[in-house]
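# Structural features, examined
Residues per chain, in single letters:
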Protein chains: 2
Amino acid sequence: MLEIVKRDGLARLCKFETRSGILKTPALLPVVNPKILIVTPKELYNEFGFRAIITNSYIIKNDTNLKNRAQTEGLHRMLDFPGIIMTDSGTFQSHMYGEVKVTNDEMIDFQKSIGTDIGTVLDIFTEPYWTREEVSRSVSETLERTRHACDIKGDMMINGVVQGSVYPDLREDCARKMATMNVDVHPIGGTVPLMEQYRYAELVDIIIASKKGLAAGRPVHLFGAGHPMILAFATLLGCDLFDSASYAKFARDDRFMFTDGTFRLNDIQFLDCNCPACRGNTLESIKKMDKKSRESIIARHNLYQITNELALIRRCIEEERLWELAEIRCRAHPALLDGLRRLRFYKDYLECKEPISRDRAIFYTGSESRARPAFHRYTERLLERYVPYFHKAAIFTDSKKPYSKYYASGFNRVRAAGYTPIIMSPFGPVPAELDEIYPIAQSLFPGIIDCDTNEDVKKMTDLFFEKVKFEEVISENEIKSGNIEYDTNQIRVRATAMYQFGPEATNALLHGKIDLVLSRKTGKVRNVISDGEHVLSMRANDGFYTLRPEGAKRIIELVPTPKFRAIVVDDAVPYILQGRNAFCQFVANMDPNIRPMEEIIVVDKDDNFVATGRAILTWDEIKSFKRGIAVKIRSGGSEV
Amino acid sequence: MLEIVKRDGLARLCKFETRSGILKTPALLPVVNPKILIVTPKELYNEFGFRAIITNSYIIKNDTNLKNRAQTEGLHRMLDFPGIIMTDSGTFQSHMYGEVKVTNDEMIDFQKSIGTDIGTVLDIFTEPYWTREEVSRSVSETLERTRHACDIKGDMMINGVVQGSVYPDLREDCARKMATMNVDVHPIGGTVPLMEQYRYAELVDIIIASKKGLAAGRPVHLFGAGHPMILAFATLLGCDLFDSASYAKFARDDRFMFTDGTFRLNDIQFLDCNCPACRGNTLESIKKMDKKSRESIIARHNLYQITNELALIRRCIEEERLWELAEIRCRAHPALLDGLRRLRFYKDYLECKEPISRDRAIFYTGSESRARPAFHRYTERLLERYVPYFHKAAIFTDSKKPYSKYYASGFNRVRAAGYTPIIMSPFGPVPAELDEIYPIAQSLFPGIIDCDTNEDVKKMTDLFFEKVKFEEVISENEIKSGNIEYDTNQIRVRATAMYQFGPEATNALLHGKIDLVLSRKTGKVRNVISDGEHVLSMRANDGFYTLRPEGAKRIIELVPTPKFRAIVVDDAVPYILQGRNAFCQFVANMDPNIRPMEEIIVVDKDDNFVATGRAILTWDEIKSFKRGIAVKIRSGGSEV
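First, a word on scope: everything that follows refers to the structure included in this document. (Residues numbered from 1 in each chain as written. Chains lettered and ligands numbered in written order. Predicted model: local features only at pLDDT ≥ 70, side-chain atom pairs only at ≥ 80, totals over all residues. Heavy atoms only, no water.)

Broken down by element type, chain A carries 25 helices and 29 strands. Over its C-alpha atoms chain A spans a radius of gyration of 28 Å, differing by no more than 12% from the 26 Å that the globule rule assigns to 640 residues. Classification of the 640 residues of chain A by burial places 62% in the buried group. Pairs at least 24 residues apart make up 69% of the contacts formed inside chain A by residues separated by at least 6 positions. Looking at chain A, you have 88 positive and 87 negative side-chain charges, and the mean spots of the two groups are 3 Å apart. (Helix = DSSP H or I, 4+ residues; strand = E, 2+ residues; numbered from the N terminus. Rg over C-alpha atoms; globule rule 2.2 N^0.38 Å. Buried < 20%, exposed > 50% of the residue type's maximum accessible area, 1.4 Å probe, protein only. Contact = heavy atoms within 4.5 Å. Lys, Arg positive; Asp, Glu negative; His and termini not counted. Charge placed at Lys NZ, Arg CZ, Asp CG, Glu CD.)

All names here are of chain B. The strand order across the open sheet built from four strands is E20-E21-E22-E23, with neighbouring strands paired in antiparallel fashion. Strand pairing shows two members of the sheet lacking a second neighbour, strand E20 (514-518) and strand E23 (545-547), which therefore form its edges. Taking each pair of neighbouring strands and ignoring which way they run, the sheet shows an average axis angle of 30 degrees. As paired strands, strand E21 (residues 525-530) and strand E22 (residues 533-538) are joined by four bridges and run antiparallel to one another. Paired with Asn527 across the two strands is Ser537, which belongs to E22. Each of E20, E21, E22 and E23 is contacted by helix H22 (residues 488-509), which is oriented at about 40 degrees to E23, the strand it contacts most. Where helix H23 (residues 549-558) meets the sheet, its contacts fall on E21, E22 and E23, and the angle it forms with E22 comes to roughly 110 degrees. (Pairing = 2+ DSSP bridges. Axes fitted to C-alpha atoms, helices over the stretch in contact; angles between N-to-C directions.)

Turning our eyes to something else, we now look at the pattern of salt bridges. In a structure, side chains of opposite charge can pair up when their charged atoms sit close to one another. Summed over all chains, the structure comprises 109 salt bridges over all chains. The salt bridge involving Asp456(A) is made with Arg344(A); its shortest N-O contact spans 2.5 Å. With a gap of 112 residues between them, Asp456(A) in helix H21 (residues 451-467) and Arg344(A) in the loop between helix H16 (334-342) and helix H17 (347-353) connect regions that are remote in the sequence. Residue classification places Asp456(A) among the buried residues on the basis of a relative accessible area of 18%. Arg492(B) is paired through a salt bridge with Asp435(B); the nearest N and O atoms lie 2.8 Å apart. Taken together, the residues span a long stretch of sequence, with Arg492(B) in helix H22 and Asp435(B) in the loop between strand E17 (428-431) and strand E18 (443-444) at a distance of 57 residues. The same class applies to Arg492(B) as to Asp435(B), namely buried. Through salt bridges with shared partners, one network takes in Asp260(A), Asp272(A), Arg315(B), Glu319(B) and Arg321(B). (Salt bridge = Lys/Arg side-chain N within 4 Å of Asp/Glu carboxyl O.)

So, on to the pairing of strand E13 (residues 261-264) of chain B. Judged by which residues are buried, E13(B) turns out to be one-sided: Gly261(B) and Phe263(B) face inward and are buried, whereas Thr262(B) and Arg264(B), on the alternate face, are not. Taking the residues that link successive antiparallel strands as the turn, the strand E12 (residues 255-258) of chain B-E13(B) hairpin has two residues.

Under the fitted operation, chain A is carried onto chain B by 0.0 Å of movement along the axis and a turn of 180 degrees, and the coordinates agree to an RMSD of 0.1 Å. The transformation just described matches what one would write down for a two-fold rotation axis. Every residue of chain A has its C-alpha some distance from the rotation axis, and the shortest such distance is that of Cys451(A), at 2.7 Å. Here 100% of the interface residues in chain A have copies in chain B that are interface residues too; the copies meet face to matching face. (Least-squares fit on C-alpha atoms with pLDDT ≥ 70 in both.)

Such a bond, covalent and formed between the sulfur atoms of two cysteines, is termed a disulfide. Under the defined criterion, the tally for this structure stands at one disulfide over all chains. Covalent S-S linkage joins Cys451(A) and Cys451(B), the inter-sulfur distance amounting to 2.4 Å. Of this pair, Cys451(A) sits in helix H21 while Cys451(B) sits in helix H21 (residues 451-467), which puts the two residues in different chains. This cysteine, Cys273(A), is not joined by any disulfide, and Cys275(A) carries the nearest cysteine sulfur, 3.6 Å off. (Disulfide = S-S within 2.5 Å.)

Attention now moves to the pairing of strand E17 (residues 428-431) of chain A. In regular strands, side chains alternate between the two faces of the sheet. Residue and element names in this part refer to chain A. Bridge count for strand E16 (residues 420-425) against E17 is four bridges, and the pairing is antiparallel. Counterpart to Met424 in the pairing with E17 is Pro429. Counting the residues between successive antiparallel strands, the hairpin from E16 to E17 contains two residues.

Bring the parts together and some accessible area is lost; that lost area is often taken as the interface size. Listed per partner, the contact involves 49 residues of chain A and 49 residues of chain B. Summed over both partners, the interface of chain A with chain B buries about 4300 Å², with 58% contributed by carbon and sulfur atoms. Counting the surface chain A buries against chain B, the share from its top three residues, Arg315(A), Arg341(A) and Ile448(A), is 15%. Where chain A packs against chain B, one counts six salt bridges. Residue Arg341(A) is joined to Asp450(B) by a salt bridge in which the shortest nitrogen-to-oxygen separation is 2.8 Å. Linking chain A to chain B there are 22 residue pairs in polar contact (both at pLDDT 80 or more). For the side of chain A that touches chain B, the elements supplying multiple residues, two or more each, are helix H14 (291-318), H16 and H21 of chain A. When the residues that make up the side of chain A that touches chain B are grouped by side-chain class, the tally is 22 nonpolar, eight polar and 19 charged. (Buried area = accessible area lost by both parts, 1.4 Å probe. Polar contact = N/O pair within 3.5 Å; in protein donor to acceptor, adjacent residues only side chain to side chain. Nonpolar A, V, L, I, M, F, W, Y, C, P; charged D, E, K, R; others polar.)

Within this structure, the stated rule accounts for 52 aromatic pairs over all chains. Aromatic pair Tyr389(A) and Phe390(A): ring centres 4.9 Å apart, planes at 80 degrees, arrangement edge-to-face. Residue Tyr389(A) is classed as partly exposed on the basis of its relative accessible area, which comes to 46%. For Phe390(A), a relative accessible area of 6% puts it in the buried group. Three or more aromatic residues link up through ring pairs in this structure, and these residues are Tyr364(A), Phe375(A), Tyr378(A), Phe427(A), Phe445(A), Tyr499(A) and Phe544(A). Here Arg255(A) stacks its cationic end above the ring of Phe250(A), 4.2 Å away from the centre of that ring. Between Arg315(B) and the ring centre of Phe258(A), over which it is positioned, the NZ or CZ distance is 4.9 Å. (Phe/Tyr/Trp six-rings, centres within 6.5 Å; stacked < 30°, edge-to-face > 60°. Lys NZ or Arg CZ within 6 Å of the ring centre and 35° of its normal.)

Residues and elements named next belong to chain B. Read across the open sheet, the six strands follow the order E25-E29-E28-E27-E24-E26; overall the sheet is mixed. Two strands bound the open sheet, and with one partner strand each, they are strand E25 (582-583) and strand E26 (587-590). Relative to strand E27 (residues 599-603), strand E24 (residues 565-568) runs parallel, the two being bridged by three bridges. Following the sheet pairing, Arg565 is matched in E27 by Ile601. In the packing of H23 onto the sheet, contacts are made with E24, E27, strand E28 (609-615) and strand E29 (629-636), and the angle to E28 comes to roughly 105 degrees.

All names here are of chain A. It is at 9 Å that the axes of helix H11 (residues 228-236) and H14 come closest, and there the two elements cross at 25 degrees. On the basis of their axis angle, the class for H11 and H14 is roughly parallel. Of the two elements, H11 crosses H14, and the hand of that crossing is right-handed. Facing Pro228, Leu231, Ala232 and Thr235 of H11, the residues of H14 in contact are Gln305, Ile306, Glu309, Leu310, Ile313 and Ile317. In terms of residue class, the contact of H11 with H14 is made up of seven nonpolar, two polar and one charged. (Parallel < 35°, antiparallel > 145°, perpendicular 65-115°, else oblique. Left-handed = near helix turned anticlockwise from the far one by under 90°.)

Let us now look at a nonpolar patch on the surface. Residue and element names in this part refer to chain A. Side chains of Val569, Phe583 and Phe586 sit close together on the surface and give an oily, nonpolar patch of about 200 Å² of accessible area. Position of Phe586 among the secondary structure elements: in the loop between strand E25 (582-583) and strand E26 (587-590). For Phe586, a relative accessible area of 30% puts it in the partly exposed group. (Patch = residues over 30% accessible without salt bridge, like charges linked within 9 Å, V, L, I, M, F, W, Y side chains within 5 Å. Areas by Shrake-Rupley, 256 points an atom, 1.4 Å probe, with all protein chains shown as cover.)

With that out of the way, let us pick up the nonpolar core. One broad trend across soluble globular proteins is that nonpolar side chains are buried collectively. Ranked by internal contacts, the top residues of the largest apolar core, which has 140 residues, are Phe233(A), Phe256(A) and Leu343(A). Looking at this core, the element that brings in the most residues is H14(A), giving eleven residues. When neighbours within four sequence positions are excluded, Leu343(A) is seen to be in contact with Val204(A), Ile208(A), Phe233(A), Leu237(A), Trp323(A), Leu350(A) and Ala371(A). One finds Ala70(B), Val162(B), Tyr200(B) and Tyr346(B) within the second-largest nonpolar core, a separate group that totals 138 residues. (Core = buried A, V, L, I, M, F, W, Y, C linked by side-chain atoms within 4.5 Å.)

Next up on the list: the environment of Ser293(B). Residues and elements named next belong to chain B. Relative to the elements of secondary structure, Ser293 occurs in helix H14 (residues 291-318). Taking C-alpha positions, Ser293 is 47 Å from Arg176, a pair spaced 117 residues apart along the chain. Of the polar contacts made by the side chain of Ser293, one reaches the side chain of Asp290; its length is 2.8 Å.

This paragraph deals with H21(B). An ideal rise of 1.5 Å per residue puts 24 Å on 17 residues; H21(B) measures up with 24 Å between its terminal C-alpha atoms. For H21(B), the full list of buried residues reads Cys451(B), Asp452(B), Thr453(B), Asp456(B), Val457(B), Met460(B), Thr461(B) and Phe464(B). Of the surrounding elements, those touching the buried residues of H21(B) are H21 of chain A together with helix H18 (373-385), strand E16 (420-425) and E17 of chain B. N-cap assignment for H21(B): the residue whose side-chain oxygen lies 3.4 Å from the backbone N of Asp452(B) is Asp450(B). (Expected span 1.5 Å × (residues − 1).)

The structure is reproduced here in structure tokens:
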């Protein structure tokens, strides 16, 4: 059972409940070879804090001694590991050494018999060089085996592995079918050769295709990914679980893993590592050690790199800056950068999961940042929802932010002459009245502009002026003065509401006499009163508004259901009326176009107002999760 | 006395000799406030390994107790620090609090009296908002004071601070004058406000202007730079010394320094640090500590971040990948990225210090990598030195490397038809015969190309086809077959020699019958025999040639001195003849156009051949260094 705690990009912090304890994701499961224990499972648990490991049931089954012990003592006692144990099924061995001589049924039964927490179907490893037909046939077989495994799994959890080689459509189709089965975890399989060959753009295609098909409420495991270099990026793409055999395999070859690559002991010129394994050692002292001690130190170093990177990843999700971390990590190798650049192909998909704002500003790390869905969101909403107040435009160049402060007198001058000030920002054209919304105000760019930005801005500017047919577009310098003074707050409120809620809801919210309550401290709009009713309040930090109950009721009245709504079951209504949060299992239907952190109205099945709040999850996520907060309630209808 | 050990970009690993020991640079000097010792100097030395600290002589002088102790015990005993102590003079106090009531003479005498190893002139802090005239006047005064300080410094080393505010020409002029004085270390001063205001593009202008004026043989200290975020980039720009008061100042405010920024204890969501100070603690445990313990832990954390980053920087210089590290670090903040992007304005200067090749491939981290001088070098040399063998061109798209292997049959086909194969790479057009040289073969790019690359390639392609007037330029697809087979090795040898040595030397080297000795293993050219004389051998890894003594003698004969030569004094000749390296102090003159790691011929004052080797330093560097290897000798004239 999975519960989402926090999100960023496609990444999420979750709690995954198993019979051997709760696993906090993202998490990596070290691969434990039951025959060679460089670092013991107990050390993995106590010293490194790993709460789950993965071992291979096929290897255990083929070793008489291990098999007997596992079946009599159970896997947990045999390995002396108090946490969660996942087992693989022999599929990877078939990739490495050809056919394996076991059946799917045998492997499921065996995994059950040794007390595995999460077993794996004996799926078919689809190789990247296979033809489409071969892959398609194998995927069908894997699906069939998975279906059967679900029938016989008993109380063991099960991995349903998404296969499909390098064909995104086959991957997505496989994932979609897996999602309908009684599977507990979804590994994405068959990706090791791609990672070994540094084909990261294709890896991105595969991960995103799989994510599109899978159900949001189950953890996704990127099988075979365990290098600290890739963890941040794969987490950003929505992978929750990883495993690493390389910490030990590399150690055997004297290779140190770092977030910027793998380096051989003999090539490293200087030991710059402060991890508990390295500290106190020098390159020379490590080189002089006997093979076994050296292997142990390097394996521990590799594990510390992994735990440290995972901790940083978790921190970055909490602090809503995982995009920045992933973008930086992808620059460790041009092939990873290729993967990062591939994201521009998926802007529509990424936009659906993108929160409406963040507490933290967007930091531009290079032209690759333009793939961030915040750019695409702004483009789409501006083109679809913006209606100018003045029908002539005056162009300003990009400047320090907030634009309204930097250009205060310039904006007044051109408005007085009847022009809308438009700033040419790295996001494209920004009407002055939208300069406080996320991410316009909450973003930082270098002063020297890259060519990709210039191209994008040019394209978007053309689209914008084509869509908004201004009578005239001139440079602000051409306007010397004007003679009418406008209440720019009125312009700002309407433009922001349009951007945030669209025309239909804005017309419902704002009609008749609009009174504005300003903050004494900042002079900014705090409350919006329409015909005497308090409909909107300013949201902290991101320039958007919160819906007040009166505003919500206006929308309910004029905008047909389920737009802007989460419809909850009757049982939950009394609690939510009192301001309790709306949990996933109580949401019966919801507007599928609501993005994470957007304002939403909770109603009962008869469309009566229950509460206002912020959507934490999207509708397709809520459907898939059996627990966790769906809507964070701000004002319940029974609250004073 | 400074000795260079290794270099990369403008960065260098040096040994700096002082009377209190040798300092390995790049190094950071923690600022020690003699009144508040959060971490004691002894701990800085023993626990953190700092070999030098900086403290403030002005503060000591103004405290009767400290003053008396410093003058009786001496600074080293008073602070209980066994390493090198640098003192500042009160200049920063004048920036912070206005005029200081001491004279330059007083401050120099006082610093001498307390046993400072490296004292500082009481220079004038030039503020970024000052007018050019104010700055210019102040710089004159600083120069005058420095000149006088040199006269009275005795056996104390002295900091001659480069000032000049944000005016690069004033900075360069100040630096050039400082370089003529008997100064020991060159801080770049007055930069703290720029760093505080995140004006990194201007900081780059200032550092490069200063570096241009200064003498290479003295350490450069970027005063006030101590954030781990900036150290890699500043080192890449040629700064050797740094100092940090912020490790303690930030700790007082509960702020943690990381390579990606500074974070407040209350904002951090998760402690992801494995440093010896943090390990064993949690966010909660640190928050619960009393003020003093918390401050101590955070200060230590900050120091560990600094020492760890410096170790990584040193490692990256050794491994010739500091560019990659600096490029990645600059993505932590858009203002730093702005500084990185500024480098494209200095490509000529950067090119002069760029080694001819590296052991490691160039990793492209984003369009900013295009500022790397390797790109500019290739453009310049191709346009200046390339002469095609076939006067028609056939265009190939970029592919896997080496191109000659990937396109083997295609290259044969178009050559047989009398066309030169030209590959359109991210470096611009690459004639097939140059595909093995650095950095063409030794570089990795993402498959998805950025717009800056497209623009650059387009520009360079236009220039290339304008310069090399091919009779015809067509796509390789248009050529179906041809009927002549060429010895492509012959074409390759001449093109590579031209690229490496230019037309004059190539004509001297290659005439008459050219015989090639191929490697049995790789099939590549190993030795080049011209008219029976072995003139060139293949250099390992970078696709260039080493000069054989016979080849060197041909160049001496036909190319006028000092081209391709280092002229050494008579005393050194017998040693170098036997294969010993040529040290800086023995080089009397040298070709100023030789780049680091280029082939060079050592001759005596009468232009007689002495040896062949590789230049480690450029002529302007050799002039400035009093020790260290100038030319690494490969074949001395007396060796068999």
